[in-house]
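# Structural features, examined
Residue-level listing of the chains:
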Amino acid sequence: MRGATIALIAAFVAVVGALSALFIVDEREKALVLQFGQIKQVREEPGLGFKIPFIQEVVKYDDRILSLDTDTIEVTPSDDRRLVVDAFARYRISDVVQFRQAVGVGGIRAAEDRLSSILNAQIREVLGADQVTSDTILSSERRDLALRIRNQARTEAESLGLQIVDVRLKQTNLPRQNLDATFARMRAEREREAADEIARGNEAAQRVRAAADRTVVETTSTANRDADVIRGEADAERNRVYAEAFGGNPEFFAFYRSLSTLERTLQQSNSTMVISPDSELVAPLFGAVRADGLSAVEEIDLDIETLRNMAPEAGTSPDLPDDARQQLEAPAEAPANEASN
């Protein structure tokens, strides 16, 4: 019974030892077999590996392309315009033995710290070089600057057993205080441009308004001039017609003028007048109604229609009071009403 127990324990120890002697390397990994810190075996191909149990150990490293974001730093290009820059890099472990010897037990974390320092130093060196301005960094030449950073950092990274695949500038900004000043300057420039546009618009509007006012004045002046000419011609024609109409009988003209004067003189507030028959105002009126009557009118070569057209339009004077005008118009309306009844 005791022998069976010992045999069982020995078999268990043998199984455990056999299992601890085996290790598996994934296709995404690289492995080192270490014995008391010394590298005894390198496994870069995926598969099953063997080691001495309890004496040797296996350390595995990622064989894929890894990413590293650098810390934000300030750089000063040749135009002394400070910029805040951060970048990211893609790298992989190219020589696992050299990588182990360079970083020791620190592994990936220690390697990234050293790689970040290398990248920051190269970023400052490349972006701070001569003929590299802030405008160059912010232009399409930014890609060329990133390639220069990668090429210069790749040499130093090889001593760590690392291969830098790519480096890109992720962010390039002005410091906060410079950014505020830049925004204020841009705002002032835009406001100045807006003020210039407004001034030019007001100037153009003033020119259009002045041209329109001048056109109005010229058009009005021309219209008034034409109206005065037409009015003068009409007055001349009216005077000519009056002269032809009344020139044939001056006594009748004097009689008509006296009636018109009396019509304008007799107002509602002053409807009673005492005038001598010999007065110049009513002398033609009384002289026309004497026994001998009006003198004969000379016969002129005009037909009836022409005389009617030459005669002034009959009407009530606009200076008569309303009640007097109603009394003059009432007799004409009354017969019409009686005829309709």
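Refer to the structure presented above.
Below or above, wherever it landed, is the structure these notes cover. (Residues numbered from 1 in each chain as written. Predicted model: local features only at pLDDT ≥ 70, side-chain atom pairs only at ≥ 80, totals over all residues. Heavy atoms only, no water.)

## A few points about the packing of aromatic side chains
- If you walk through the whole model with that rule in mind, you get 1 aromatic pair.
- Ring centres of Tyr-61 and Phe-99 lie 5.2 Å apart, and the angle between their planes is 80°; this geometry places the pair in the edge-to-face category. With Tyr-61 in strand S5 (residues 56-62) and Phe-99 in helix H2 (residues 96-103), this residue pair connects regions lying 38 residues apart in the sequence. Phe-99 carries the same exposure label as Tyr-61, and that label is buried. (Phe/Tyr/Trp six-rings, centres within 6.5 Å; stacked < 30°, edge-to-face > 60°. Helix = DSSP H or I, 4+ residues; strand = E, 2+ residues; numbered from the N terminus. Buried < 20%, exposed > 50% of the residue type's maximum accessible area, 1.4 Å probe, protein only.)

## Some details on H2
- Inspection of H2 places Val-96, Phe-99, Arg-100 and Val-103 among the buried residues, and these make up the whole buried set. Axial view of H2: buried residues confined to an arc of 100°, hence all on one face.
- The inward-facing, buried residues of H2 contact strand S2 (29-35), strand S3 (38-43), S5, strand S8 (83-93), helix H3 (107-127) and strand S9 (162-173).
- The distance from a side-chain oxygen at the start of H2 to the backbone nitrogen of Val-97 is 3.2 Å, and the residue carrying that oxygen is Asp-95.
- In the segment just after H2, Gly-104 is the residue with positive phi, at about 65°. (Arc of directions from axis to C-beta. Contact = heavy atoms within 4.5 Å. Polar contact = N/O pair within 3.5 Å; in protein donor to acceptor, adjacent residues only side chain to side chain.)

## A look at the sheet that holds S5
- Strand order in the open sheet formed by 3 strands is S3-S2-S5, with antiparallel pairing between adjacent strands. Edge strands, defined here as strands with exactly one partner in the open sheet, are S3 and S5. Looking at each pair of strands side by side, their axes are set apart by 25° on average, direction ignored.
- Where S2 lies against S3, 5 bridges are found, and the strand directions are antiparallel. Across the sheet, residue Val-33 finds its bridge partner in S3, namely Gln-41.
- Along the sheet, H2 contacts S2, S3 and S5; its crossing angle with S2, the most-contacted strand, is approximately 60°. (Pairing = 2+ DSSP bridges. Axes fitted to C-alpha atoms, helices over the stretch in contact; angles between N-to-C directions.)

## Details of the nonpolar core
- Ranked by size, the top nonpolar core spans 36 residues in total, and within it Leu-115, Leu-119, Ile-123 and Leu-162 carry the most contacts.
- With 7 residues, the top contributor of residues to this core is H3.
- Not counting residues up to four positions away in its chain, the partners in contact with Leu-162 are Tyr-91, Arg-92, Ile-93, Ser-94, Phe-99, Ala-111, Leu-115 and Ala-157. (Core = buried A, V, L, I, M, F, W, Y, C linked by side-chain atoms within 4.5 Å.)

## Some remarks on the environment of Ala-89
- Note that Ala-89 resides in strand S8.
- C-alpha separation for the pair Ala-89 and Leu-119, spaced 30 residues apart in sequence, amounts to 8.5 Å.
- With sequence-adjacent residues up to four places away left out, Ala-89 is seen in contact with Leu-66, Ser-67, Leu-68, Leu-119, Asp-166 and Val-167.

## Comments concerning the environment of Asp-95
- By the element assignment, Asp-95 lies in the loop between S8 and H2.
- On the accessibility criterion, Asp-95 (31% relative accessible area) is partly exposed.
- Considering only alpha carbons, one finds Asp-95 and Ser-159, 64 residues apart in sequence, at a separation of 9.5 Å.
- Within the local environment of Asp-95, its side chain forms a polar contact with the backbone nitrogen of Val-97, the two atoms lying 3.2 Å apart.

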